Amino acid sequence: MNRFALAVSSAIARVTESALGPYQTAVIRIGFSATWLLFLLREFPHRQELYGPEGPWDFDLAQQLIGTNGSFTALMWFGGGIWFETVYLFAVLTGVLLLVGWRTRAMSVLFMVGVLSLQNRSIFMGDGGDNVLHLMCVYLVFTRCGQVWSLDERRARRAREARARGERVAPDRVGPALWGVFGFVLVAVTAAGRLDGDLTVPLILWISWPAAAVWWIVGRRARTAEPRILLDVIGNVVHNGALLVIMAEACLIYATAGWYKIQGSRWQDGTAVYYPLHLDYFSPWPALADVLTSSGTMIMLITYGTVLVQVAFPFTLFNRRVKNVLLAAMITEHAVIAVVLGLPFFSLAMIAADAVFLPTSFLRRLGDLAARARGRLAGLVRRGDDSVKPPAPRSPENPEHAHVGSSA
């Protein structure tokens, strides 16, 4: 009984005292924001046809669909091209800011608004990766995904170093201003009845706005440490719960895909991979597809290997070595899908979801490698600037000037 109580207490302490997986959630933040941003930039010339008023799924059809399923999308608040362009640029901007980790608490909420606004406007645009991004953008709101590899972390570190030196840290004015603008828009939209429909997104918005105010007030005005400790415990519990949901979601995706494949006759006879490689829509490199399908043995191994990895992965989470091997195999598989089948954003979304299972030691080494590369690049830039020296000013006593003056 004592051992059981000790195990329970240690588990509770682990969940409440810290936000687990800081590097994993940072990679998820970077991965999904980069996937969404690259997609928006690639489709920028075609944005009007995909999600705008010039698309085949016009504004009236979208209104009928939203009225039926009650999905959230800011594109239905107003019609016309100006509002669409505003929302599209808003989605791009929030993707950039979340990618670099600037005000991640607020940007994760606004990133969700941008993703859902565009995706729910035209639900038939996507290749499977949009479904993963749709779910993960909601889960990211509940994570503390800016603990590492973010501008927030750098700003907090500099503030701690300044306090340690006895310097005065300037009060934060950007956060309250951002909170005020967000609150004004939220109140106005709610009062206008634009948040009717499913309550999930409005509830998230209305919880996150006062929660940010409480966090700021406690951090600045609390006379004792207990209120801040309580908020940290709540934040850690919510973060760890969201991280668990992300892991469960990734396992569910692979398990469902694997077990459905087992029921297909083409997957059972080992030929399923052959057919998509010969579809024009999924063959950006026909010569490469011909090479891969030239061997029946290779097709059979890839087909059975795909099913085996997807079905077995959820059962290997308790064995670190086997899990890492299958994780590397799945990431490699998605990289191949991105190139061979021409589905880069689906693959990027799945790789970002897989990142939740990457070992912390590996991510730390990856971060150290990136930091050293950035330091070397900065050193090269500084040396290059030092090597380019401006020419010395010519003095009036210079013989060349004297000669020119005399000749004039």
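Our subject is the structure listed above.
What comes next concerns the included structure. (Residues numbered from 1 in each chain as written. Predicted model: local features only at pLDDT ≥ 70, side-chain atom pairs only at ≥ 80, totals over all residues. Heavy atoms only, no water.)

**Focus on the overall build of the protein**
Turning to step 1, where the next piece is worked out: Counting its secondary structure elements, the protein contains 18 helices and zero strands.
Turning to step 2, where the next piece is worked out: Across its three principal axes, the protein shows a C-alpha extent of roughly 95 × 65 × 55 Å.
Turning to step 3, where the next piece is worked out: Evaluated residue by residue, the protein yields a buried proportion of 38% over its 408 residues.
Turning to step 4, where the next piece is worked out: For the protein, restricting intrachain contacts to residue pairs at least 6 apart in sequence, the fraction spanning at least 24 positions comes to 73%.
Turning to step 5, where the next piece is worked out: Of the roughly 23900 Å² of accessible surface on the protein, 66% is carried by carbon and sulfur atoms. (Helix = DSSP H or I, 4+ residues; strand = E, 2+ residues; numbered from the N terminus. Buried < 20%, exposed > 50% of the residue type's maximum accessible area, 1.4 Å probe, protein only. Contact = heavy atoms within 4.5 Å. Areas by Shrake-Rupley, 256 points an atom, 1.4 Å probe, with all protein chains shown as cover.)

**Observations concerning the packing of aromatic side chains**
Turning to step 1, where the next piece is worked out: Under the definition given, this model contains 15 aromatic pairs.
Turning to step 2, where the next piece is worked out: An angle of 50° between the planes, with centres 5.8 Å apart, marks the rings of Phe84 and Tyr88 as tilted. Taken as a pair, Phe84 and Tyr88 lie in helix H5 (residues 81–100) at a separation of four residues, close to a single helical turn. For the pair formed by Phe84 and Tyr88, the shared burial category is buried.
Turning to step 3, where the next piece is worked out: Ring centres of Trp179 and Trp209 lie 4.9 Å apart, and the angle between their planes is 20°; this geometry places the pair in the stacked category. Residue Trp179 is found in helix H9 (residues 174–191), and its partner Trp209 is found in helix H10 (residues 200–221); the two are separated by 30 residues along the sequence.
Turning to step 4, where the next piece is worked out: By relative accessible area, Trp179 is classed as partly exposed at 33%.
Turning to step 5, where the next piece is worked out: Note on Trp209: relative accessible area 17%, which makes it buried.
Turning to step 6, where the next piece is worked out: By the ring-pair criterion, three or more aromatic residues cluster together here, those being Phe72, Trp77, Phe78 and Trp83.
Turning to step 7, where the next piece is worked out: Over the face of the ring belonging to Trp102 we find Arg103, whose NZ or CZ atom lies 5.7 Å from the ring centre. (Phe/Tyr/Trp six-rings, centres within 6.5 Å; stacked < 30°, edge-to-face > 60°. Lys NZ or Arg CZ within 6 Å of the ring centre and 35° of its normal.)

**Let's talk about a nonpolar patch on the surface**
Turning to step 1, where the next piece is worked out: Together, Phe142, Leu230, Ile234 and Val238 make up a nonpolar patch on the protein surface, roughly 340 Å² of accessible area in all.
Turning to step 2, where the next piece is worked out: For Ile234, the location among the structural elements is in helix H11 (residues 226–262). (Patch = residues over 30% accessible without salt bridge, like charges linked within 9 Å, V, L, I, M, F, W, Y side chains within 5 Å. Salt bridge = Lys/Arg side-chain N within 4 Å of Asp/Glu carboxyl O.)

**Things to note about the nonpolar core**
Turning to step 1, where the next piece is worked out: Ranked by size, the top nonpolar core spans 77 residues in total, and within it Phe32, Trp36, Leu40, Met112, Leu118 and Phe313 carry the most contacts.
Turning to step 2, where the next piece is worked out: Non-local contacts of Phe313, meaning those with residues more than four positions away in its chain, are made with Cys251, Tyr254, Lys323, Leu326, Leu327, Met330 and Phe357. (Core = buried A, V, L, I, M, F, W, Y, C linked by side-chain atoms within 4.5 Å.)

**Observations concerning the side chain of Thr73**
Turning to step 1, where the next piece is worked out: The residue Thr73 is located in the loop between helix H4 (59–69) and H5 in this model.
Turning to step 2, where the next piece is worked out: Reaching out from Thr73, the side chain makes a polar contact with the backbone nitrogen of Leu75 at a distance of 3.2 Å.
Turning to step 3, where the next piece is worked out: One polar contact links the side chain of Thr73 to the main-chain carbonyl oxygen of Ser117, over a distance of 2.6 Å.
Turning to step 4, where the next piece is worked out: With residues up to four places along the chain from it excluded, the contact list for Thr73 reads Ile66, Leu116, Ser117, Asn120 and Arg121. (Polar contact = N/O pair within 3.5 Å; in protein donor to acceptor, adjacent residues only side chain to side chain.)

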